[in-house]
Amino acid sequence: MTSGKFELWLDESGDFIKESEKKGTPSMVGGILVKQATINDTWPSLLVEQARQTYNINERYIHGAEIHGEKYGEMAVKLIKEIQQYGAEPIVFENPERVDIVSSDMTYLNILAEGIIQLLQALAAEFDEVELAILAANRIKVDGKEERKITILLKDQDYKQRLEEKIAIGMARRNLSNTESWNWSFKLDSAKTNPRLMIADVICHSWFVQNSRKFTDKTRQELISYYQPANIFSVFEHATESAIRRSLASGAIGDALFEWLEAKTENHFYETGSKENVIRHGEKKEIDFDHYLDLITKKLSSLPDFVQPTQLLIVENNLESLVSIERDFVRARYMLDVLKQEVAASLRRYRIQGDQFLFRTHLNLLKTANHSGNVILAEEQMGVCRSAMDQLAGRWETIDDVLNFLVLEGVHHMNTFNFNGAITKMNQVQRFIDTSFDLLSMSMLEDLSLITENIKSNIKGKVLGTRLQARCFQVRYNKEQLEQAVIDSDNAIQEFSRPGDLSRQYQYRSQLECEAKNLHGALAWLGKAFQVEYDNGQQLGELLQAIKGSHYISIIFGAMHYSRAMAAAVDCDEFSLAEKMYGEWIKNEMDDILFPNGEAVSEHPYQIILWKHAYYLGKTNSLKASIAKYDEAIKICHTRQERYTIRAIGLGIQCEKVSVLLEGGAKFSKDASKELKLFLKNFEQFMEEELPVEMRDFFEPWEDTLQQLDSRSIEEQRNQLFILSQKIPY
């Protein structure tokens, strides 16, 4: 158990009586925090005496308000620099927001109480037990400059009682209940006789007048460098710092680390992002990030080895939510980069065993890359994970991480259009899981209470679901995959029990039935995903209501599968069903739900939704509306250059758009010609990039078809382009 014993010497600056006028620099309290172990009776007196002699101060004391001009600034900077060698740190309690607090005494006491509470929280984040001996200057008023009659405003006992009340209320407001290990004492003395309070006066007054003529640009810059952001406390407590300190004080290290990570991310977007990013991610936080990261990691290192991973798991779970539920891939990418660089370095510095945590960080980066279609980032993370797997695979406890990596590797194969590679990879993983289950069953036959006849496994369900998707993407040009895909779907559903997992598998099945041209089956499975019983064209409105009423991620994917079925209905000449589906879409104002106020979107699967609606509108003689939808979908696909999978989908969409325009006849021939040239340019640029081998292999056969387009008739061009667009199976 660690303990910290400190002294806090405080003085005030400003006029608390006039604070209500809200003019000038806000009044404040400030001084010095110093460890008792470094304190002796001589150094404060020695430093004060040296300052008096060096700067010809005739009074027997130092009082900042009575020393004028640049002479004060030079003296103050030298004195503050010298106290550093004794481990003393400047402390500031301020009220920059000028929170109204009744009277001057009450304002002063509240600033004092709030500052003390926040300081105790900060110290408790580092030490298990804290003792704080507070020495404050008497509060006085002068009844006349000539008579200089001095009246002490508050006595020791008044301070003590009022402070105890304020601090108790402040702690209750913060829900701080574990304060038994916080001990503090309070006493008053004169700043004209006590050298410790004279130094506190310099600390306080210097911060108060830092922008005055007492400081040159040089001395002002040096002065500010001595005041660490972590030691500046505000009555209007900064929420992030408060949350970090509160979490650390209560032992919730993982929560503190994620608070730190969020604040650092907000600052990144504030400093480098657009106005929209600032609105979305918050305002800049004035936080000493290095200080708090060191504090958090140091606190984590003090925990037993077996507890540390549970704290880091809190960060992992929050990031999992950010990636899989909020789908904020840009923000998640930045956070994960910070973890693998700054946090990883801090863990190593304190010799914290974080190999598994860092492996999972790279897994989350791989997952983020897969979700956003960034195949280059995915391959980088796969390389890192594979190099770490030899060590991890040597322990059974890490088997879930290894299997999750292999599933994510299969998803990457699909993102590069290597569907056979994904199937092969999942076959290997399934064999490993099945063999492990068989061995487990044989070894435990004697104790049937420990085993059930059919073990269920989420990871096996993921393997089957991933293989199902790969087969589904192949059905268009390999009908033999359909039967196997249905088997994978049935088996995957059997492995899951959580409603969210089952809903996802039902949606995969809906997509599969779409590819099989079984439209009512597709809608029935989609209905099942949203707990709506669908019956041959009925309940479409009820289905959309259920989709609208679900959470964000389910809304956009539910809308995607609905839109895909609507477009498939057109292909199957089920125009009455397609028309009914579109009518219900309009009636339920789905566009307003997905694109409120015309809000720009850039993530998958919005482009698929727009694509399928563009196709429906193009096939129902609403070509202008169709073109607008195509353009929106293509724009999403080209939002970020590194998202090769999304850009590849954009090629399919643009290819189909040209085909639909060609079908529009002479009226749209110029538009078709212009769009074809743009498509060919985009395709050429895409193929010139450093694509993964599998992705290049998938698209190279397109080149022959596209080179021969000029020699084809308009009708042949239309057919060839539509066939190419259908090779993108999303």
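Here, the structure is the one placed above.
The model shown is predicted, which means the values in this text are computed figures rather than measured ones.

Undergrad: Looking at this model, I keep getting lost on the packing of helix H2 (residues 70–83) against helix H6 (residues 217–225). Mind explaining?
TA: Axis angle and axis distance: for two packed helices, these are the angle between their axes and the distance between the axes, and together they describe the pair. At a closest axis distance of 10 Å, the pairing of H2 and H6 adopts a crossing angle of 25°. Considered as vectors, H2 and H6 are oriented roughly parallel to each other. Relative to H6, the crossing made by H2 is left-handed. Residues Val77, Ile80 and Lys81 of H2 form the contact with H6, whose participating residues are Thr219, Glu222 and Leu223. Here the contact of H2 with H6 is built from residues that sort into three nonpolar, one polar and two charged.

Undergrad: Where do I start with the packing of helix H23 (residues 575–587) against helix H25 (residues 606–619) in this structure?
TA: One can describe the packing of H23 onto H25 by two numbers: an axis separation of 12 Å at closest approach and a directional angle of 125°. Viewed along their axes, H23 and H25 adopt a mutual orientation that is oblique. H25 is crossed by H23, and the crossing has left-handed handedness. From H23, Ala578, Glu579, Tyr582 and Trp585 reach across to H25, where they touch Ile609, His613, Tyr616 and Leu617. Residue composition of the contact of H23 with H25, grouped by class: six nonpolar, one polar and one charged.

Undergrad: Please explain the sheet that holds strand E1 (residues 3–13) as it appears in this structure.
TA: The pairing of strands in a sheet happens through backbone hydrogen bonds and is either parallel or antiparallel. Strands sit in the order E7-E4-E1-E2-E3-E8 across an open sheet of six strands; the sheet is mixed. In the strand order of this sheet, the two ends are held by strand E7 (182–189) and strand E8 (232–234), each with one partner. Across the sheet, the mean angle separating the axes of adjacent strands is 20° when strand polarity is ignored. Pairing of E1 with strand E2 (residues 28–35), which is carried by eight bridges, proceeds in the antiparallel orientation. Counterpart to glutamate 12 in the pairing with E2 is valine 29. Packing of helix H5 (residues 195–208) onto the sheet brings it into contact with E1, E2, strand E3 (89–94), strand E4 (129–137), E7 and E8, and relative to E1 it is tilted by some 65°.

Undergrad: Where do I start with the nonpolar core in this structure?
TA: Within soluble globular proteins, side chains that are nonpolar generally end up buried alongside one another. Core analysis: the largest hydrophobic core is formed by 92 residues, its most contacted members being Phe417, Leu594, Ile649, Phe686, Phe699, Leu721 and Ile728. Element by element, the count of residues in this core is highest for helix H22 (residues 552–571), at 13 residues. If sequence neighbours within four positions are ignored, leucine 594 has contacts with Ile555, Ile556, Ala559, Trp585, Val601, Tyr606 and Ile609.

Undergrad: When you look at unusual backbone geometry in this model, what are you seeing that I'm missing?
TA: Note: most residues except glycine have negative phi, and most peptide bonds are trans. A cis amide bond, omega 10°, links histidine 604 with the succeeding residue proline 605. Mapped onto the elements, proline 605 comes out in the loop between helix H24 (590–594) and H25. For aspartate 573, which is not glycine, the phi torsion reads 60° and is therefore positive. On the secondary structure map, aspartate 573 appears in the loop between H22 and H23. Positive phi is not limited to glycine here, since asparagine 621 has a value of about 60°. Following the sequence through the fold, asparagine 621 ends up in the loop between H25 and helix H26 (623–637).

Rules behind the numbers
- Residues numbered from 1 in each chain as written.
- Predicted model: local features only at pLDDT ≥ 70, side-chain atom pairs only at ≥ 80, totals over all residues.
- Heavy atoms only, no water.
- Axes fitted to C-alpha atoms, helices over the stretch in contact; angles between N-to-C directions.
- Helix = DSSP H or I, 4+ residues; strand = E, 2+ residues; numbered from the N terminus.
- Parallel < 35°, antiparallel > 145°, perpendicular 65-115°, else oblique.
- Left-handed = near helix turned anticlockwise from the far one by under 90°.
- Contact = heavy atoms within 4.5 Å.
- Nonpolar A, V, L, I, M, F, W, Y, C, P; charged D, E, K, R; others polar.
- Pairing = 2+ DSSP bridges.
- Core = buried A, V, L, I, M, F, W, Y, C linked by side-chain atoms within 4.5 Å.
- Buried < 20%, exposed > 50% of the residue type's maximum accessible area, 1.4 Å probe, protein only.

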